[in-house]
Amino acid sequence: MGYWEDVMGGLPPEAAEVLRFTLMHNRWRRFETINLIASENVMSPLAEAAYVSDMMHRYAEGKPFKRYYQGTRYVDEVEVRAARLLGELLGAEVDPRPISGTTANASVFRVLAPCNSKALIAPVQAGAHVSHTKFGTLGALCIEHIEMPYDAENMNVDVDRAVKMIEEVRPSFVVLGGSVYLFPHPVREIAEAAHAVGARVVYDAAHVLGLIVGKRWRNPLDHGADVMTASTHKTFPGPQGGIVASRDRELFKRIGRAIFPYFVSNHHLHRLPALAVTAAEMKYYGEAYADQVVRNAKALAEALAAEGFRVLGEHLGYTRSHQVVVDVRPQGGGAKAATLLEEANIITNKNLLPYDPPDAIKDPSGLRLGVQEMTRFGMKEDNMRDIARFMKRVLIDREDPKRVAREVTEYRREYVEVRYTFDIEPPLKDGVLRLLF
Ligand SMILES: Cc1ncc(COP(=O)(O)O)c(C=O)c1O
């Protein structure tokens, strides 16, 4: 803090205030809280270092070695390597230019469906992302969202009814994968039905990319999906961004022509070295990491149930992904539970459950939890049981969250080093964030 106090002391308030909040954010979120947001993660120290390069200032419109700008020779080499490494891990061609999962979805949807066509996608309460809906990307592209039949009890697509609907509606494409995602979707069955009516299958792996790469989740491209989109920063612990992957050359090329120039111009080049470093780490450590993520999620679900919480999916073993979903209506609902937990330094998000009405979005019944980030910091099954106890004290025993927060901060001190990454020497071993903040 001393260094920063000196720096801020010499700055006008407009800049000093922003730096102070940034510093406080870093301290709090990185070193004092237990983060259970299912869509977040942290990069390794090496990837963070690679992220902070001069590439953050440059442009490279177009494809590697065919750019509209000069000065891109090293960017080209890095982008080719990032795409190649991810391609090896997924057994597909990969385009790393979408700057987010949403941008990846937009590019794919634009290519697969003209305006006024139809797409079959799960309802929002069942885990469709906003980019799959009329309020988001799908609506912006004037594609109609037809709700895929969903089985709330099994937290999965209702295959028989979905197949029938595909035959009746004959959509341009079907989307599988989602934001609330406990069990693998039936890709093969849906792909067969979709292909029979000339529809394509898009698999949105935003949440499970890291589990697919780590071989703890089926690769949808092996099961008939035509194209996969993903974020690169959820279970895949890379920089914030997106990818498109496909084994269909022709389709892949058409999507590439939509990414640029329709949806990105500059594709935030500083992501690319960090993405390539993360892909290399996942090549060597991805299986061990994904294995522990899946074990931890199951352990957290079991521990929460044992503490008295209503955890979804019990008859199916609670979860096979990084997520755990809890119905917290007995604890006052999702909004209240998430707020109380935040006061206790446990960060979660309120979430619609499949049986909620869609307009319950401000105070839904559920909490969605993800264990991937805490797994990266070395937590194992025993830690999941400790987290469940902290949550019980706040939400069931109604202990003062501030008191629990102090214990959570103390607890977190033991878990600040990122695992499943290359072993590098100090000072970079501690990460640029710790060096800077
Ligand atoms: C299923 C799904 N698809 C797409 C996205 C969008 O990803 P991004 O935030 O990278 O745009 C998300 C984000 O949470 C998601 O859950």
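Residues numbered from 1 in each chain as written. Predicted model: local features only at pLDDT ≥ 70, side-chain atom pairs only at ≥ 80, totals over all residues. Heavy atoms only, no water.

Re the site of the ligand
Turning to step 1, where the next piece is worked out: If you check the shell around the ligand, you find 13 residues, and the closest are Gly101, Thr102, Ser179, Asp204 and Ser231.
Turning to step 2, where the next piece is worked out: If the ligand stood free it would expose 390 Å²; the protein chains cover 87% of that surface.
Turning to step 3, where the next piece is worked out: Judged by the proximity of its atoms to the pocket grid, the ligand belongs to the largest pocket.
Turning to step 4, where the next piece is worked out: The dominant element in the shell around the ligand, judged by the number of residues it contributes, is helix 5 (residues 101-112), at 3 residues.
Turning to step 5, where the next piece is worked out: Of the residues in the shell around the ligand, the class split is 1 nonpolar, 10 polar and 2 charged. (Near = heavy atom within 4 Å. Areas by Shrake-Rupley, 256 points an atom, 1.4 Å probe, with all protein chains shown as cover. 1 Å grid on protein atoms, 1.4 Å probe; cavity = no way out; pocket = protein on both sides within 12 Å on 5 of 7 lines; lining within 4 Å. Sits in = over half its atoms within 2 Å of the grid points. Helix = DSSP H or I, 4+ residues; strand = E, 2+ residues; numbered from the N terminus. Nonpolar A, V, L, I, M, F, W, Y, C, P; charged D, E, K, R; others polar.)

Describing empty space enclosed by the protein
The gaps of empty space that remain are located by a probe, the size of a water molecule, rolled over the atoms.
Turning to step 1, where the next piece is worked out: For the structure shown, the criterion picks out 1 cavity of 30 Å³ or more.
Turning to step 2, where the next piece is worked out: Approximately 80 Å³ is the volume attributed to the largest cavity.
Turning to step 3, where the next piece is worked out: Lining the largest cavity are Arg30, Phe31, Pro45, Val416, Glu417, Val418, Lys429, Asp430, Gly431, Leu433 and Arg434.
Turning to step 4, where the next piece is worked out: At the level of elements, helix 2 (13-32) and helix 16 (432-436) are the ones that each hand at least two residues to the lining of the largest cavity.
Turning to step 5, where the next piece is worked out: Its residues assigned to classes, the lining of the largest cavity comprises 5 nonpolar, 1 polar and 5 charged. (Points joined across faces, edges and corners; volume = space filled by probe spheres on them.)

A look at the layout of surface pockets
Turning to step 1, where the next piece is worked out: By volume, the largest pocket amounts to about 820 Å³.
Turning to step 2, where the next piece is worked out: As for the largest pocket, its lining consists of 42 residues, and the residues nearest its centre are Ala128, His129, Val130, Ser131 and Ser179.
Turning to step 3, where the next piece is worked out: Counting residues per element, the ones that place at least two in the lining of the largest pocket are helix 5, strand 6 (144-147), strand 11 (227-231) and strand 16 (349-351).

Here we look at a nonpolar patch on the surface
Turning to step 1, where the next piece is worked out: Residues Tyr59, Tyr68 and Tyr69 make up a contiguous nonpolar surface patch of roughly 360 Å² in combined accessible area.
Turning to step 2, where the next piece is worked out: Within the secondary structure, Tyr68 sits in the loop between strand 3 (66-67) and helix 4 (73-90).
Turning to step 3, where the next piece is worked out: According to the relative accessible area criterion, Tyr68 is exposed, its value standing at 61%. (Patch = residues over 30% accessible without salt bridge, like charges linked within 9 Å, V, L, I, M, F, W, Y side chains within 5 Å. Salt bridge = Lys/Arg side-chain N within 4 Å of Asp/Glu carboxyl O. Buried < 20%, exposed > 50% of the residue type's maximum accessible area, 1.4 Å probe, protein only.)

Let's talk about the packing of helix 11 (residues 271-306) against helix 14 (residues 381-395)
Turning to step 1, where the next piece is worked out: Viewed as axis vectors pointing N to C, helix 11 and helix 14 meet at an angle of 35°, and their least axial separation amounts to 8 Å. Regarding helix 11 and helix 14, the two cross each other, and that crossing is right-handed. Note on element contacts: helix 14 touches helix 11 through Glu381, Met384, Arg385, Ile387, Ala388 and Met391, opposite Gln292, Arg295, Asn296, Ala299, Leu300, Ala303 and Leu304.
Turning to step 2, where the next piece is worked out: Partitioned by chemical class, the residues of the contact of helix 11 with helix 14 number 8 nonpolar, 2 polar and 3 charged. (Axes fitted to C-alpha atoms, helices over the stretch in contact; angles between N-to-C directions. Left-handed = near helix turned anticlockwise from the far one by under 90°. Contact = heavy atoms within 4.5 Å.)

Considerations on the sheet that holds strand 16
Turning to step 1, where the next piece is worked out: Read from one edge to the other, the open sheet built from 4 strands follows the order 13-14-17-16, with strand pairing classed as antiparallel. For this open sheet the edge positions go to strand 13 (310-311) and strand 16, each flanked by a neighbour on one side alone.
Turning to step 2, where the next piece is worked out: As defined by bridge partners, strand 13 adjoins strand 14 (residues 323-327) across 2 bridges and the pair is classed as antiparallel. Counterpart to Arg310 in the pairing with strand 14 is Asp327. (Pairing = 2+ DSSP bridges.)

Let's talk about the sheet that holds strand 6
Strand pairing within a sheet occurs via backbone hydrogen bonds; the two strands may be parallel or antiparallel.
Turning to step 1, where the next piece is worked out: In space, the 7 strands of this open sheet follow the order 4-12-11-10-9-5-6, with mixed pairing throughout. Of all the strands in the sheet, just strand 4 (93-95) and strand 6 have a single pairing partner and so form its edges. Strand-to-strand twist in this sheet, taken as the mean axis angle between neighbours without regard to direction, amounts to 25°.
Turning to step 2, where the next piece is worked out: Bridge count for strand 4 against strand 12 (residues 242-246) is 3 bridges, and the pairing is antiparallel. Of the residues in strand 12, the one forming a bridge with Asp95 is Val244.
Turning to step 3, where the next piece is worked out: Where helix 5 meets the sheet, it contacts strand 9 (173-176), strand 10 (200-204), strand 11 and strand 12, and its direction lies at approximately 155° from that of strand 11.
Turning to step 4, where the next piece is worked out: The strands touched by helix 10 (residues 249-263) within the sheet are strand 4, strand 10, strand 11 and strand 12, with strand 4 carrying the most contacts at an inclination of about 5°.

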